[in-house]
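Topology and contacts: notes
If you want the building blocks of each chain, they are given just below.
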Amino acid sequence: MSNELSNNQLAYVLELICNRLQITPTQYALAEEKYKAVGNWLGAEDSPLYKYQPIIYPQGSFRIRTTVRPLGREEYDVDLVCQLLDDASIEDPMKLLDDVYDRIISNDLYKPPIAEKKNRCVCINYKGDFHLDILPARSDPQGDRNHILVPDKKTKEWKASNPIGYADWFEEKARVIIKLLEAARVEPLPRYQTLSDKLPLQQTVQLFKRWSRLAFKDDDDSMPPSIVLTTLAARNYKKELLVTAALSGVLDGILLETRNSTGPLVVLNPTNEKECLSEKWIENPKRYNKFSDALVLFKKEWDSLFLGGGMPLISAKLGKLFGEDVVRLSVNDFANEMQSKRKTEVLGIDKSGILTGLGSAVVKVKPNTFYGT
Amino acid sequence: MAHKYFKNRPIALVAQDFQIRQKFPSFVSKKLKETYCWVGTLQPTPLSSTYTVEIDYTLGYLPKVYVLSPPLRSYDEKIKIPHIYENDGPRPCLFLPGNKEWTGNKLIADTIIPWLSLWLFYYEIWLSTGEWFGEGHSSASGKKED
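Model, not experiment: these values are computed from the prediction. Position labels on residues start from 1 in each chain and follow its written sequence. Chains and ligands are labelled by the order in which they are written, letters from A for the one and numbers from 1 for the other. A pLDDT threshold of at least 70 governs which residues receive local features in this predicted model, and a stricter bar of 80 or more applies before side-chain atom pairs are shown or counted, although totals over entire chains, interfaces and linings include all residues. Side-chain metrics rest on all non-hydrogen atoms present in the structure, leaving aside hydrogens and water.

So, on to the interface of chain B and chain A. We call two residues contacting when some pair of their heavy atoms lies within 4.5 Å. Counting residues at the interface gives 50 residues for chain B, matched by 42 residues for chain A. Buried area between chain B and chain A, summed over both chains or domains, comes out near 3,900 Å², and the portion from carbon and sulfur atoms is 64%. Salt bridge, as used here: a side-chain nitrogen of Lys or Arg that lies within 4 Å of a carboxyl oxygen of Asp or Glu. Across the chain B-chain A interface, the total number found is 1 salt bridge. Where A:K343 meets B:E135, a salt bridge forms, and the shortest distance between an N and an O atom there is 2.7 Å. Simply put, the buried area is the total loss of 1.4 Å probe accessible area from both parts when two parts are fitted together.

Spelled out as structure tokens, the structure:
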């Protein structure tokens, strides 16, 4: 098996998996429309919050475009910040949460149980599509406009945060030269068409997160937080151009970090070095040990994908790593794509029998009807 | 009417043989009386297995196609592989007989071999997900039960 060709083909199937994992463009547009409407409601002239000039914006995976369909439910999490710009008089984080919640549910559209108050955010549920998780925030007097204070889950006090700064850091890590990316995307990978197409690091994070959620699905306590996985992936990414090479490189990099570390890995927030994102591991190193053991296994299973063995074997391995359902849908997408090329008569075959575009073909595939009893 | 005469005349076996071996270099041929037999390898996609296949063809008859290795199988013994002839097989059914998709004045290299590779592609997808995406005639495509 030619390595370059099979790597490209594997990258293509992985991209189909990423497409199936992420929030659809329709849901994305709908989420945007909905959270803007909530923002308008919070900041309307007759709103008690009007004087604070609330603004609402996305944070987390929705902002950096690494959403992953959750296991066992349909709704994606869309994380939002409701930041009050003119906030000199706001002292109590829980009071702010109450004020935001009260204003939201004063609109019939968001009457409970559609909206519900959580530990430190207000959640608005759009059944079958997504949850909007709205985290109230005020500006941090010790930083610039992107530095905010948000309620802390445990202490119920203010805690420093910088979701825009984090997203900027991630985008910088993910950025690749588009011309190089396009040059690397040979058949069967589609052209990199718009900036809304995913970059290799974004796809890598999606797959990494999906793997982790499956690997720890029966052990919620040990599941590494998404932001830890995202940060580890981004800091080990070396601008590889295909998701195959990118995830391989990221796994190698993290494994090297774990081998060089005597205790649990310390993952600091790149925008706030005082914040340790991997607190969960430091508190209980058993959780970290489970992660590093699982990671070794992941690497082994991931590497075995490159050994070939035919689509049935590769699909089974992919299913084990990223979920049988999503892999079945993606493999079917792959077949549908082939079928549509065949129907539009742009499918050829090369001298080894490989189905391909007409460019490298020796023969064009003519229409036929599979028959049989 | 020489033109019409040539148009309806089947392509000579030596011409079929030349075209197959030129376009698909892994294929070798053997001649047994009036029958040609070609054996070669096909790999439908870079992630697929490489299949050794055999095509037997006698002028005036339909070409017969066999998958020698790895042998065709089902993911479940109770479920039949779609689009095959059981008789003297299992053999992939690549075209609708009598539909002019295949006639003796078409090249095997341009029809049977690409269709076989395509069939093998859909077969591997079917083994993976239980669904046949190649469409086709008959209701033979079994769907994998969840």
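Residue and element names in this part refer to chain A. The source of the domain bounds is an automatic or database domain assignment. According to the domain assignment, chain A contains domain 1 (1-22 + 194-338) and domain 2 (23-192). Measuring from the centre of the C-alpha atoms in domain 1 to the corresponding centre in domain 2 gives 25 Å. Listed by partner, the interface residues are 40 residues for domain 1 and 38 residues for domain 2. Around 3,300 Å² of area is buried between domain 1 and domain 2 when both sides are counted, 59% of it from carbon and sulfur atoms.

With that settled, the discussion passes to the packing of helix 5 (residues 163-174) of chain A against helix 8 (residues 226-236) of chain A. Residues and elements named next belong to chain A. Here, axes are lines fitted to C-alpha atoms. For helices the fit covers the stretch in contact, and angles between N-to-C directions go from 0 to 180 degrees. Strands are runs of DSSP state E lasting at least 2 residues, helices are runs of H or I lasting at least 4, and numbering of each runs from the N terminus. Contact geometry of helix 5 with helix 8 gives a least axis separation of 9 Å together with a crossing angle of 35 degrees. Note on packing geometry: the crossing formed by helix 5 with helix 8 is left-handed. Residue-level contacts link Y166, W169, F170 and K173 of helix 5 to I227, T230, T231, A234 and R235 of helix 8. Looking at the contact of helix 5 with helix 8 residue by residue, the class counts come to 5 nonpolar, 2 polar and 2 charged. By convention, the crossing between two helices is left-handed when the near helix turns anticlockwise from the far helix through less than a right angle, and right-handed when the turn is clockwise. As a working rule, the residues Ala, Val, Leu, Ile, Met, Phe, Trp, Tyr, Cys and Pro are called nonpolar, Asp, Glu, Lys and Arg charged, and the rest polar, with Gly in that last group.

Soluble globular proteins: nonpolar side chains tend toward being buried together. As used here, the term nonpolar core means buried Ala, Val, Leu, Ile, Met, Phe, Trp, Tyr and Cys residues forming a set that is joined through side-chain atoms within 4.5 Å. Burial classification: accessible surface area is computed with a 1.4 Å probe over protein chains only, and a residue below 20% of its type maximum counts as buried, one above 50% as exposed, and the rest as partly exposed. Counting 108 residues, the largest nonpolar core has A:I17, A:F208, A:F298, A:F322, B:W119 and B:Y123 as its most contacted members. The biggest single contributor to this core is helix 3 (residues 112-129) of chain B, with 13 residues. No fewer than three residues from each of domain 1 (1-22 + 194-338) and domain 2 (23-192) of chain A sit in this core. Among residues more than four places away in sequence, those in contact with A:F322 are A:L14, A:I17, A:L207, A:R210, A:W211, A:L214, A:L247, A:F298, A:W302 and A:V327. Counting residues in hydrophobic clusters, the runner-up holds 32 residues, among them A:L49, A:Y76, A:Y110 and A:W158.

For the rest of this paragraph, the subject is the packing of aromatic side chains. Ring pairs (aromatic) are described by centroid distance and by the angle formed between their planes. Only Phe, Tyr and Trp rings take part, Trp by its six-membered ring, and two of them pair if their centres are within 6.5 Å. Stacked means planes under 30 degrees apart, edge-to-face means over 60, and tilted covers everything else. Taken as a whole and assessed by the stated rule, the structure comprises 25 aromatic pairs over all chains. Arranged with centres 5.5 Å apart and planes meeting at 45 degrees, the rings of A:Y166 and A:W169 form a pair that is tilted. Highlighted residues: A:Y166 and A:W169, both in helix 5, separated by 3 residues, approximately one helical turn. Per residue, the accessibility class of A:Y166 equals that of A:W169, and both read buried. Measuring from centroid to centroid gives 6.4 Å for B:Y51 and B:Y123, while their planes differ by 70 degrees, and the two rings are edge-to-face. Here the residue B:Y51 occupies a position in strand 3 (residues 51-58), and B:Y123 occupies one in helix 3, the gap between them amounting to 72 residues.

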